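Fold and geometry: a report
Listed here are the chains, written in short residue letters.
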Amino acid sequence: MISKTMRAILHTLSYGNIEVESSRRLVDIKKLDAMNIFLKKMDIQIFNGDYEIPLRIYFPTEEAMTNGVEKSHTFPVLLFFHGGGWVTESVDTYNRVCARMSQSTGHIVVSVEYRLAPEYRFPTALMDCYAAAKALYTNKLILNTDPRKITIMGDSAGGNLAAAVALMARDNGEFQVYRQILIYPALYNTYTAASPYASVQKNGTDYLLTAVKMQDYLNLYESCPEDRVNPYFAPLLAKDFSNMPETLILTAEFDPLRDEGEDYGKKLAEAGNYVEVHRIKDALHGFFALGIRFFHVQESFSYMNEFLKREV
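Anyway, here's the lowdown on the structure attached to this text. All of these numbers come straight from a predicted model, not from anything done at the bench. Numbering of residues starts from 1 in each chain and follows the order in which that chain's sequence is written. This being a predicted model, a pLDDT of at least 70 is required before a residue's local features are given, and a value of 80 or more before pairs of side-chain atoms are given or counted; all residues contribute to the totals for chains, interfaces and linings. Only hydrogens and water are set aside when side-chain values are computed; all heavy atoms of the structure are taken into account.

**A look at the packing of helix H4 (residues 95-105) against helix H10 (residues 295-308)**
Relative to each other, H4 and H10 sit at 50°, their axes nearing to 10 Å. The orientation of H4 with respect to H10, classified from their angle, is oblique. The handedness of the crossing between H4 and H10 comes out as right-handed. Here Arg100, Met101, Ser104 and Thr105 of H4 lie close against H10, whose contacting residues are Val297, Phe301, Met304, Asn305 and Leu308. When residues are sorted by character, Ala, Val, Leu, Ile, Met, Phe, Trp, Tyr, Cys and Pro go into the nonpolar class, Asp, Glu, Lys and Arg into the charged class, and all the rest, Gly among them, into the polar class. Here the residues of the contact of H4 with H10 sort into 5 nonpolar, 3 polar and 1 charged. The axes used here are C-alpha line fits, helices contributing only the stretch in contact, and every angle between their N-to-C directions lies in the interval 0 to 180 degrees. Going along the chain from the N terminus, every DSSP run of H or I of four or more residues is numbered as a helix, and every run of E of two or more is numbered as a strand. Throughout this description, any angle smaller than 35 degrees is read as roughly parallel, any larger than 145 degrees as roughly antiparallel, any in the 65 to 115 degree range as roughly perpendicular, and the remainder as oblique. Helix crossings are classified by the rotation of the near helix relative to the far one: an anticlockwise turn of less than a right angle makes the crossing left-handed, while a clockwise turn makes it right-handed. Contacts are residue-level and defined by heavy atoms, with any inter-residue pair within 4.5 Å sufficient.

Written out as structure tokens, the structure is:
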């Protein structure tokens, strides 16, 4: 349980609105990582129209680095979209997360440097992620892939993008997503008192990520008010949840986004899809970016690895 002292600290740190430039400078500190030079990684690009999207590929081993690009092999892949409220974070700031994820799952990880709001508003980030997914699933990247061995995933805003890519892929029919992992995903369109989710009111003030900040993120991400009712903006608003990928959803107990992630799992299951939902006890939003020794991260990887063992 969270102690009274820790609650007091969290309350003190959970303040204010989102100021874009200062928020970006703060998270950019994570780029100064001495371990970066030791990571097994490769940078490539793919196009979304005229825009060149940077991708970073992480390999769990030297053998995977060789086998992942040889035509005789089809190595399992995680296509990852980072969090940050569609406004902050980057492939660089998620270096450790993706390297750890590659090593802990034995998968190649492909991390997408999608364009950020407010300079690039909805649906730019989504279309960058969709273009990366289409290239991977249709074997247009340097990797040799079997679509059944690809899992799309993301945390927070990245979870929103992963869910939206899966919806769009089903609707467009250009490729099929067989499996997705959503880590405390942002899936709804409001974080005011109008939200139907109790976790927004209960966990929306004193646990680092606040409802006020989430509302700011949505305001920065949207292009116009009509975006709020678009299911690719807020996947919980989809009318049809059938024929979706097998899904693992991990939520955090003390997170304003907790209930919407769990409700999304319920809607997918009710539509006949295979779904696992696990709530990480005592966890806060953002825990997945903590060190591998952190208990909540270890628990998450135990669920992920069991899920990834399933045949699809």
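Structure shown, so let's carry the discussion forward.
**Comments concerning the environment of serine 104**
Here serine 104 shows up in helix H4. Sequence-wise, serine 104 and asparagine 305 are 201 residues apart; in three dimensions their C-alpha atoms are separated by 8.3 Å.

**Focus: H10**
Taking 1.5 Å of rise per residue, 14 residues should cover 20 Å, and H10 covers 20 Å from first to last C-alpha, within 8% of that figure. Residues of H10 that are buried: His296, Val297, Glu299, Ser300, Phe301, Met304, Phe307 and Leu308. Against strand E3 (77-81), H4, strand E5 (150-155), strand E6 (179-183), strand E7 (246-254) and strand E8 (275-284) lie the buried residues of H10. The span expected for a helix works out to 1.5 Å for each residue beyond the first. The rule is simple: take the accessible area with a 1.4 Å probe, protein chains only, and divide by the maximum for that residue type; under 20% is buried, over 50% is exposed, in between is partly exposed.

**Here we look at helix H9 (residues 258-270)**
Helix length check: H9, at 13 residues, gives a terminal C-alpha distance of 19 Å against a target of 18 Å (1.5 Å per residue), a fit within 8%. Listed in full, the buried residues belonging to H9 are Arg258, Asp259, Glu260, Gly261, Asp263, Tyr264, Gly265 and Leu268. Structurally, H9 contributes buried residues whose contacts are with helix H6 (157-172), E6, helix H7 (198-202), E7 and E8.

**Considering the pairing of E5**
Counting buried positions along E5 yields 6 of 6 residues, so the element is predominantly enclosed. Alternating positions in E5 separate into two faces, Ile150, Ile152 and Gly154 on one and Thr151, Met153 and Asp155 on the other, with burial throughout. By the convention used here, strands pair only if DSSP detects at least 2 bridges between them. Relative to E6, E5 runs parallel, the two being bridged by 4 bridges. Looking at the pairing, isoleucine 152 lines up with glutamine 180 of E6.

**As for the sheet that holds strand E4 (residues 108-112)**
Strands pair in a sheet through their backbones, by hydrogen bonds, and they do so in one of two ways: parallel or antiparallel. A sheet is described by the order of its strands in space; here 8 strands give the open sequence E1-E2-E4-E3-E5-E6-E7-E8, paired in mixed fashion. Every other strand in the sheet has two partners, leaving strand E1 (41-48) and E8 as the edge strands with one partner each. The sheet shows a mean angle of 20° between the axes of neighbouring strands, taken without regard to direction. Pairing of E7 with E8 involves 7 bridges; the strand directions are parallel. Residue pairing for E8: isoleucine 249 is matched across the bridge by valine 277. Most of the contacts of H9 go to E7, to which it runs at about 155°, and overall it touches E6, E7 and E8.

**Quick notes on the nonpolar core**
The nonpolar side chains of soluble globular proteins are, as a tendency, buried together. Formed by 74 residues in total, the largest nonpolar core has its most connected members in Leu55, Phe81, Leu126, Leu161, Tyr191, Tyr221 and Tyr264. If sequence neighbours within four positions are ignored, tyrosine 191 has contacts with Ala186, Val200, Ala211, Met214, Gln215, Leu218, Leu257 and Glu260. Only buried Ala, Val, Leu, Ile, Met, Phe, Trp, Tyr and Cys residues count toward a nonpolar core, and they belong to the same one when joined by side-chain atoms within 4.5 Å. Listed in part, the 26 residues of the second largest apolar core include Met153, Tyr184, Leu248 and Phe288.

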